[in-house]
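Listed below, chain by chain, are the residues.
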Amino acid sequence: MHLDRSTVWPYEQGEPGAFVYSRYAHPTGVEAERALAALEGAPEGQALLFASGSAATTALLLALLKPGDTVALAAGAYYGTGVIMDELSRWGLAHVEFDQTGPPPEGVDLVWLEAPSNPFLTMPDLQAAAAHPAPVVVDSTAATPIHLRPLEQGADFALHSATKYLGGHSDALAGAIVSRDAAAHEQLWRFRQRTGPTCAPDVAALVLRGMKTLRVRVERQTESARALAEQLSAHPAVETVRYPGFGGLMSFDVRGDARAVEAATRVIVNETSLGGVTTTMESRHRWEGDRVPESLLRLSVGLEDVDELWADLEQALAAGSA
Ligand SMILES: *Cc1c(COP(=O)(O)O)cnc(C)c1O
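Residues numbered from 1 in each chain as written. Predicted model: local features only at pLDDT ≥ 70, side-chain atom pairs only at ≥ 80, totals over all residues. Heavy atoms only, no water.

*Asks:* Please set out the site of the ligand residue by residue, giving values where relevant.
*Replies:* Near the ligand you find 14 residues, and of these Ser54, Asp139, Ser161, Thr163 and Lys164 are the closest. Take aspartate 139: an N or O atom from its side chain is 2.6 Å from a nitrogen atom of the ligand. At a separation of 2.9 Å, an oxygen atom of the ligand approaches a polar side-chain atom of serine 161. More than half of the atoms of the ligand fall within 2 Å of the grid points belonging to the largest pocket. For the shell around the ligand, the class distribution of residues is four nonpolar, seven polar and three charged. (Near = heavy atom within 4 Å. Polar contact = N/O pair within 3.5 Å; in protein donor to acceptor, adjacent residues only side chain to side chain. 1 Å grid on protein atoms, 1.4 Å probe; cavity = no way out; pocket = protein on both sides within 12 Å on 5 of 7 lines; lining within 4 Å. Sits in = over half its atoms within 2 Å of the grid points. Nonpolar A, V, L, I, M, F, W, Y, C, P; charged D, E, K, R; others polar.)

Right under this line is the structure:
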């Protein structure tokens, strides 16, 4: 791994070389982008890092769409994605929500899916979306390339909050877009280079290091999450468990007081975000309001011993229903 913090590189015989100014590209970022493109099965190097997942989302919308265009957005997808689209409505960008388990509505200019959706954990009908004439984006943050490679399923773009599983240690804020089409990749690169929502070299190095252990982390998280989803489903204080059968993310409804349950955990940390090595849990109602049931807790399974995690959930559920 090559961490180069330079913002400028000397011209070679009076001409710009491979790297010129770090807003355009830097060696650490390019190394991470090549690794991510390979993980996603994308054409060589067709990935771009951004300053956050949200910066990647904003860049994609601004670079590819124009005023008057409409996005079909998966209902129940990451709350912040809809918030960005609301923000851009002042610039003439409209969006409509739809059920991503079926075909997207006609007449839209971009289809935005999430695999699986956060925090409802639905999976998109990728085949139906690929048959739609509009380009298809899959926010694949929670699936990770270990469980899903959207470009191989007909999507045009895979988007990540690299802050989550790719980085994997809750110490790097970053985003990424992987493109199937070379011209679209070029267009996004030009937009990023001009407008500057790029990822710093130190952060790119953390993402690169995280990707080296992505498979073992995600496989272990899947194994633990499957066991916990099963145990939660059989627990009398739990109503609904939403888990797609893979990955480390799930949500469930408790019969008692969800806020008391989240506050009672001792091993599981009561904080936001997901995809790290530490197991975290929170009520999403605090952020998303009535879009999410008050009883819903989102659980991101980390790498701790699964029996220890279950014991912690059991005692927290008991505390919350007392
Ligand atoms: C966290 C998240 C984002 C936003 O990413 P940031 O890195 O926090 O800007 C987008 N999509 C999903 C599914 C997320 O979980």
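*Asks:* If you had to explain the layout of surface pockets to someone new, which residues and values would you point to?
*Replies:* Picture a little ball the size of a water molecule; that probe, rolled over the atoms, points out where space is still empty. One number sums up the size of the largest pocket: a volume of about 420 Å³. Looking at the largest pocket, it is lined by 26 residues, and the ones nearest its centre are Ser54, Tyr78, Ser161, Lys164 and Ser273. Among the secondary structure elements, those contributing two or more residues to the lining of the largest pocket are α2 (53-64), α3 (79-88) and β6 (157-161). Among the elements that line the lining of the largest pocket, the one with the most residues is α3, at four residues. The space that makes up the second largest pocket amounts to roughly 170 Å³. At the level of elements, α1 (27-39), β1 (47-50) and α6 (182-195) are the ones that each hand at least two residues to the lining of the second largest pocket. If one sorts the elements of the lining of the second largest pocket by residue count, α6 sits on top with four residues. Split into classes, the residues belonging to the lining of the second largest pocket amount to six nonpolar, two polar and four charged. (Points joined across faces, edges and corners; volume = space filled by probe spheres on them. Helix = DSSP H or I, 4+ residues; strand = E, 2+ residues; numbered from the N terminus.)

*Asks:* So what about a nonpolar patch on the surface? Which residues, and what values?
*Replies:* A surface patch of nonpolar side chains, amounting to about 260 Å² of accessible area, comprises Val8, Tyr21 and Tyr24. Inspection of the secondary structure puts tyrosine 24 in the segment before α1. (Patch = residues over 30% accessible without salt bridge, like charges linked within 9 Å, V, L, I, M, F, W, Y side chains within 5 Å. Areas by Shrake-Rupley, 256 points an atom, 1.4 Å probe, with all protein chains shown as cover. Salt bridge = Lys/Arg side-chain N within 4 Å of Asp/Glu carboxyl O.)

*Asks:* Break down the pattern of salt bridges for me, citing the residues and quoting the values.
*Replies:* Under the definition given, this model contains 17 salt bridges. A salt bridge links arginine 286 to glutamate 262; its shortest N-O distance comes to 2.6 Å. Remark: glutamate 262 occurs in helix α9 (residues 258-263) and arginine 286 occurs in helix α10 (residues 285-288); sequence separation between them is 24 residues. The partner of arginine 284 in a salt bridge is glutamate 282, with the nearest N and O atoms 2.7 Å apart. Each of the two residues, arginine 284 as well as glutamate 282, counts as buried. Within the structure, one salt-bridge network assembled from shared partners comprises Arg259, Glu262, Glu282, Arg284, Arg286, Glu288, Arg291 and Arg298. (Buried < 20%, exposed > 50% of the residue type's maximum accessible area, 1.4 Å probe, protein only.)

*Asks:* Please provide a residue-by-residue account of the pairing of strand β10 (residues 280-283), values included.
*Replies:* In β10, alternate side chains face the same way, and those of Thr280 and Glu282 on one face and Met281 and Ser283 on the other are all buried. In the sheet, β10 pairs with strand β11 (residues 296-300) via four bridges, with the strands oriented antiparallel. Pairing of methionine 281 across the sheet is with leucine 299, part of β11. (Pairing = 2+ DSSP bridges.)

*Asks:* Describe the sheet that holds strand β4 (residues 110-114), and please don't skip the residues or the numbers.
*Replies:* Strand order across the open sheet formed by seven strands is β1-β7-β6-β5-β4-β2-β3, with mixed pairing between neighbours. Looking at strand neighbours, the two that pair on one side only are β1 and β3 (94-98), the edges of this open sheet. Across the sheet, the axes of successive neighbouring strands diverge by a mean angle of 20°, strand direction being ignored. Bridge count between strand β2 (residues 70-74) and β4: three bridges; the pairing is parallel. Bridging from a neighbouring strand, leucine 73 pairs with tryptophan 112 of β4. Here α6 sits on the sheet and contacts β1, β6 and β7 (175-179); the angle it forms with β1, its principal contact strand, is near 25°. (Axes fitted to C-alpha atoms, helices over the stretch in contact; angles between N-to-C directions. Contact = heavy atoms within 4.5 Å.)

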